[in-house]
Amino acid sequence: MGQTIVEKILSGHSGRKVHAGDIALCDIDFAFAQDGTAPLVIKAFYEMGGDDVFDSNKIAFVIDHSSPSPNEGVSALHKMMRDFAHEKGIQLFDIGSGVCHQVIPESGRIRPGDLIIGADSHTCTYGALNAMATGVGSTELAAVLYTGKLWFRVPSSCKIILEGNLPKATSAKDVILFLIGKIGADGANYQSIEFTGSLLRNLDMAGRFTIANMVVEAGAKCGFFFCDEITREWLTRYVDGEICSVTPDPDANYERVIEYDLSSLMPQVALPHEVDKVLPVGDVAGLKIDQAFIGTCTNGRLEDLRIAASILKGKKIDKKIRLIVAPASKRVLLSAIEEGILQDLIEAGGCLVTPGCGCCVGTHNGVPADGERVLSTANRNFKGRMGNKNSEIYLASPATVAWSALKGKISDPREFFE
Amino acid sequence: MKLVGKAHRFGDDINTDLIISGKYKFKTLDMEELSKHLLEDLDPDFFKKIKKGDFIVAGKNFGCGSSREQAPLVIKYAHISAVLASSFARIFYRNAINVGLPLVECDTSKIDEGDNLVVDLEGGKVIDQTKQEEIDITPLPSFMIEILSAGGLVGYIKENRGWRI
């Protein structure tokens, strides 16, 4: 029987041919944790008898969730991470480096076919690079630091075929919001998704990262893009040597195959408080907003800031709202400065915060007030996510957020592109 | 092992931000302290209502969202003896077993708030004493039962000095 991408990668890392449903003990190529999860990793590592880590070159810590520290509790946990990283000789991406899911691919740690484990649910982002990447909890990450291995139940696979050309004013974010709206928050629970189809041929890496980033919002364990010329071109900037690729066998088994032609896709918005509560922007247009946020591991890349700047350049955001901008990494920030994008965003009224998770996770950098409405490029709109249960979070693309920031209300970005 | 307690009823898609908000969990590793905030955005008095051994009973996709292990940990530290749901999100499912919190996947549609439940993990059934009904449990994979019996993954790795698969 043929194999899917995930079956091939887990076979390669466990030393035997496995299929969906099998249990596999696999060697891990790279593992990391961030400041919301690493402190518990360190605690569990010592409790289980850990001393040396299995390979210091295959591990990193990233301080991105509350960065720089907003209070003494967080400072103590950051210090714990710095001390551990220094003692074990593992790489630490400290404050200002950016969001783990941008920093790690930029550091050249991810290659097609790799098996990556992160103590962060959006680790699935690296599936954009044809790697198997999935999020785990702190104790499992500790077990990986100790042993270099982790067990997996090989997931079944779901093939999503996307055809057509994306209309003007829509982007990868609209694609993945649309898909999650269709299949639901548990529509791919425990599954591996393989994305294919003509639409992807023209989709840049930033867009692929955006889509792969959000597969977990449909419950998926991981999501894969194929490695093509666009992938190779991106990778050659960050990694050396030959680049392989993993493709499924023609007779591989899929639990589900879904196909969409997205030639007439409309900009999409996810409504509070569930990511799968998705409507075309027209259905919620006119709702007043108090805060707009452009950033995160979903949409804080240079391409995202560029589209926002193209909309905001030479204009001013609505007087009654705030616009917060968090570049996904130091590299993104520097490029945005060089291109003049940052100047455009700040002159339009944007408030720049440190590269990192920004206000996405409710710790600092823009906690909304009671009764306020936020329009965000992030991946989650759960109640209380941004630190206040009495506020509302709507999710949309960078174009929709930027255009809405100008208008002070949720607005259809196609008006700008007409 | 038979677990006995009352049902605290919740709906579908209970996510990890609701279980323990990010505004608390980044600050401390003190789970006793964090557990006071368990599910507070849905019910501000929830922690006070829990009696030792009680159950959280929910619909589908319990624990969706982030990989924060604080989510199953605060449930355990709040003295909840098990979570019953019709389905669980993947990362939460693994995390709960890894910290030694039993999960029961079963049809929860007929269980109401306040029902007296007996959960028989070995026997593979839930008895709703209030409704006088028996509900079958989807059994845990045997490998996960080993982790659970070691009190979680820390105990398992310590005992075996690594993996035993």
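Use the structure listed above.
As the structure is a prediction and not an experimental result, all values here were calculated from the model. (Residues numbered from 1 in each chain as written. Chains lettered and ligands numbered in written order. Predicted model: local features only at pLDDT ≥ 70, side-chain atom pairs only at ≥ 80, totals over all residues. Heavy atoms only, no water.)

(A) Fine view of the sheet that holds strand 1 (residues 2-9) of chain B. Residue and element names in this part refer to chain B. Pairing within the closed barrel is mixed, and its 7 strands lie in the order 1-2-3-4-7-6-5. Taken over all neighbouring pairs, the strand axes of this sheet differ in orientation by 35° on average, direction set aside. Note that strand 2 (residues 55-58) and strand 3 (residues 82-85) share 4 bridges and pair parallel. Bridge pairing in strand 3 links Ala 58 to Ala 85. (Pairing = 2+ DSSP bridges. Helix = DSSP H or I, 4+ residues; strand = E, 2+ residues; numbered from the N terminus. Axes fitted to C-alpha atoms, helices over the stretch in contact; angles between N-to-C directions.)

(B) Representation of the interface of chain B and chain A in the model. Each side of the interface is counted separately: chain B has 45 residues, and chain A has 51 residues. Taking both partners together, chain B and chain A bury about 4000 Å²; carbon and sulfur atoms supply 60% of that area. For chain B, the biggest contributors to the area lost against chain A are Phe 26, Arg 90 and Arg 94 of chain B; these three give 20% of the whole. Counting every contact that joins chain B to chain A gives 3 salt bridges. One salt bridge in this structure joins Glu 140 of chain A and Arg 94 of chain B, with 2.9 Å as the shortest N-O distance. Our enumeration of links across chain B and chain A arrives at 17 residue pairs in polar contact (both at pLDDT 80 or more). (Contact = heavy atoms within 4.5 Å. Buried area = accessible area lost by both parts, 1.4 Å probe. Salt bridge = Lys/Arg side-chain N within 4 Å of Asp/Glu carboxyl O. Polar contact = N/O pair within 3.5 Å; in protein donor to acceptor, adjacent residues only side chain to side chain.)

(C) Spatial organisation of the pairing of strand 6 (residues 132-135) of chain A. Residue and element names in this part refer to chain A. On strand 6, burial covers both faces: Met 132 and Thr 134 on one face and Ala 133 and Gly 135 on the other are all buried. Both strand 5 (residues 115-119) and strand 6 contribute to a ladder of 4 bridges, which runs parallel. Paired with Ile 117 across the bridge in strand 6 is Thr 134. (Buried < 20%, exposed > 50% of the residue type's maximum accessible area, 1.4 Å probe, protein only.)

(D) Spatial organisation of helix 7 (residues 205-213) of chain A. Summarising burial for helix 7 of chain A: 9 of the 9 residues are buried, a large majority. Turning to helix 7 of chain A, its buried residues are Met 205, Ala 206, Gly 207, Arg 208, Phe 209, Thr 210, Ile 211, Ala 212 and Asn 213 of chain A.

(E) Examining the nonpolar core more closely. Among the nonpolar cores identified, the biggest contains 84 residues, and Ile 19, Leu 38, Ile 56, Phe 62 and Ile 75 of chain B are the most heavily contacted of them. Here the element with the most residues in this core is helix 2 (residues 38-47) of chain A; it accounts for 6 residues. Contact partners of Ile 19 of chain B, with chain neighbours within four places excluded, come to Ile 14, His 37, Leu 38, Leu 39, Phe 62, Gly 63, Ala 71, Val 74, Ile 75 and Phe 92 of chain B. Counting residues in hydrophobic clusters, the runner-up holds 74 residues, among them Val 175, Ala 218, Ala 326 and Val 353 of chain A. (Core = buried A, V, L, I, M, F, W, Y, C linked by side-chain atoms within 4.5 Å.)

(F) Representation of empty space enclosed by the protein within the structure. Residue and element names in this part refer to chain A. Inspection of every chain in the model, using the stated rule, returns 3 cavities of 30 Å³ or more. There is about 180 Å³ of room inside the largest cavity. Contributing to the lining of the largest cavity are 23 residues, with His 65, Asp 120, His 122, Val 361 and Arg 385 lying nearest its centre. Of all the elements in the fold, those that place two or more residues in the lining of the largest cavity are helix 4 (100-106) and helix 9 (296-299). Of the residues in the lining of the largest cavity, the class split is 7 nonpolar, 10 polar and 6 charged. Looking at the lining of the largest cavity, you find at least three residues from each of domain 1 (5-260) and domain 2 (270-411). (1 Å grid on protein atoms, 1.4 Å probe; cavity = no way out; pocket = protein on both sides within 12 Å on 5 of 7 lines; lining within 4 Å. Points joined across faces, edges and corners; volume = space filled by probe spheres on them. Nonpolar A, V, L, I, M, F, W, Y, C, P; charged D, E, K, R; others polar. Domains from an automatic or database assignment.)

(G) A look at the sheet that holds strand 4 (residues 91-93) of chain A. Residues and elements named next belong to chain A. As summarised here, the arrangement of the 5 strands in space is 4-3-2-5-6, forming an open sheet in which the pairing is parallel. The sheet is open, and its two borders are formed by strand 4 and strand 6, each paired with just one other strand. Direction aside, neighbouring strands of the sheet carry axes that sit 20° apart on average. Bridging between strand 2 (residues 30-34) and strand 3 (residues 59-62) involves 4 bridges; their strand directions are parallel.

(H) Focus on the packing of helix 5 (residues 138-147) of chain A against helix 8 (residues 153-160) of chain B. It is at 10 Å that the axes of helix 5 of chain A and helix 8 of chain B come closest, and there the two elements cross at 20°. In terms of orientation, helix 5 of chain A and helix 8 of chain B fall into the roughly parallel class. Packed against helix 5 of chain A, whose contacting residues are Thr 139, Glu 140, Ala 143 and Tyr 146 of chain A, the element helix 8 of chain B presents Leu 153, Val 154 and Ile 157 of chain B at the interface. Taken together, the residues that form the contact of helix 5 of chain A with helix 8 of chain B break down as 5 nonpolar, 1 polar and 1 charged. (Parallel < 35°, antiparallel > 145°, perpendicular 65-115°, else oblique.)

(I) Just the state of the cysteines, in detail. The final tally for this structure, using the stated rule, is 0 disulfides over all chains. This cysteine, Cys 158 of chain A, is not joined by any disulfide, and Cys 222 of chain A carries the nearest cysteine sulfur, 11 Å off. (Disulfide = S-S within 2.5 Å.)

(J) How the structure looks around the environment of Pro 250 of chain A. Assignment of secondary structure puts Pro 250 of chain A in the loop between helix 8 (229-236) and strand 11 (256-261). With 88 residues separating them in the primary sequence, Pro 250 of chain A and Glu 338 of chain A have C-alpha atoms 46 Å apart.

(K) How the structure looks around the environment of Cys 227 of chain A. Residues and elements named next belong to chain A. In this fold, Cys 227 is placed in the loop between strand 10 (222-224) and helix 8. With 43 residues separating them along the chain, Cys 227 and Ala 270 place their C-alpha atoms 30 Å apart. Sequence-distant contacts of Cys 227, defined by excluding residues within four places in its chain, comprise Pro 112, Asn 130, Arg 232, Ile 243, Cys 244 and Ser 245.

(L) Main features of the layout of surface pockets. Residue and element names in this part refer to chain A. Each pocket or cavity is described by its volume, and for the largest pocket that value is around 430 Å³. What lines the largest pocket is a set of 22 residues, among which Thr 170, Ser 171, Ala 172, Leu 203 and Asp 204 lie closest to the centre. For the lining of the largest pocket, the elements supplying multiple residues, two or more each, are helix 6 (172-183), helix 7, helix 10 (302-312) and helix 13 (398-407). Taken together, the residues that form the lining of the largest pocket break down as 10 nonpolar, 8 polar and 4 charged.

(M) How the structure looks around the pattern of salt bridges. Enumeration according to the criterion identifies 26 salt bridges over all chains in this entry. For Glu 106 of chain A, the salt bridge identified is with Arg 331 of chain A, shortest N-O distance 3.8 Å. Residue Glu 106 of chain A is located in helix 4, and its partner Arg 331 of chain A is located in helix 11 (residues 330-338); the two are separated by 225 residues in the primary sequence. By relative accessible area, which is 43% here, Arg 331 of chain A ends up partly exposed. For Glu 392 of chain A, the salt bridge identified is with Arg 373 of chain A, shortest N-O distance 3.0 Å. Here Glu 392 of chain A is found in strand 18 (residues 392-395), whereas its partner Arg 373 of chain A is found in strand 17 (residues 373-376), with 19 residues between them in sequence. By sharing partners, the salt bridges in this structure join Asp 186 of chain A together with Asp 13 and Lys 60 of chain B into a single network.

(N) Seen up close, the packing of helix 6 of chain A against helix 7 of chain A. Residues and elements named next belong to chain A. One can describe the packing of helix 6 onto helix 7 by two numbers: an axis separation of 8 Å at closest approach and a directional angle of 20°. Overall, the two elements helix 6 and helix 7 adopt an arrangement that is roughly parallel. Considering how the two elements wind past one another, helix 6 and helix 7 form a crossing that is right-handed. Each of Ala 172, Lys 173, Val 175 and Ile 176 in helix 6 lies in contact with helix 7, whose residues at this interface are Gly 207, Thr 210 and Ile 211. In terms of residue class, the contact of helix 6 with helix 7 is built from 4 nonpolar, 2 polar and 1 charged. (Left-handed = near helix turned anticlockwise from the far one by under 90°.)

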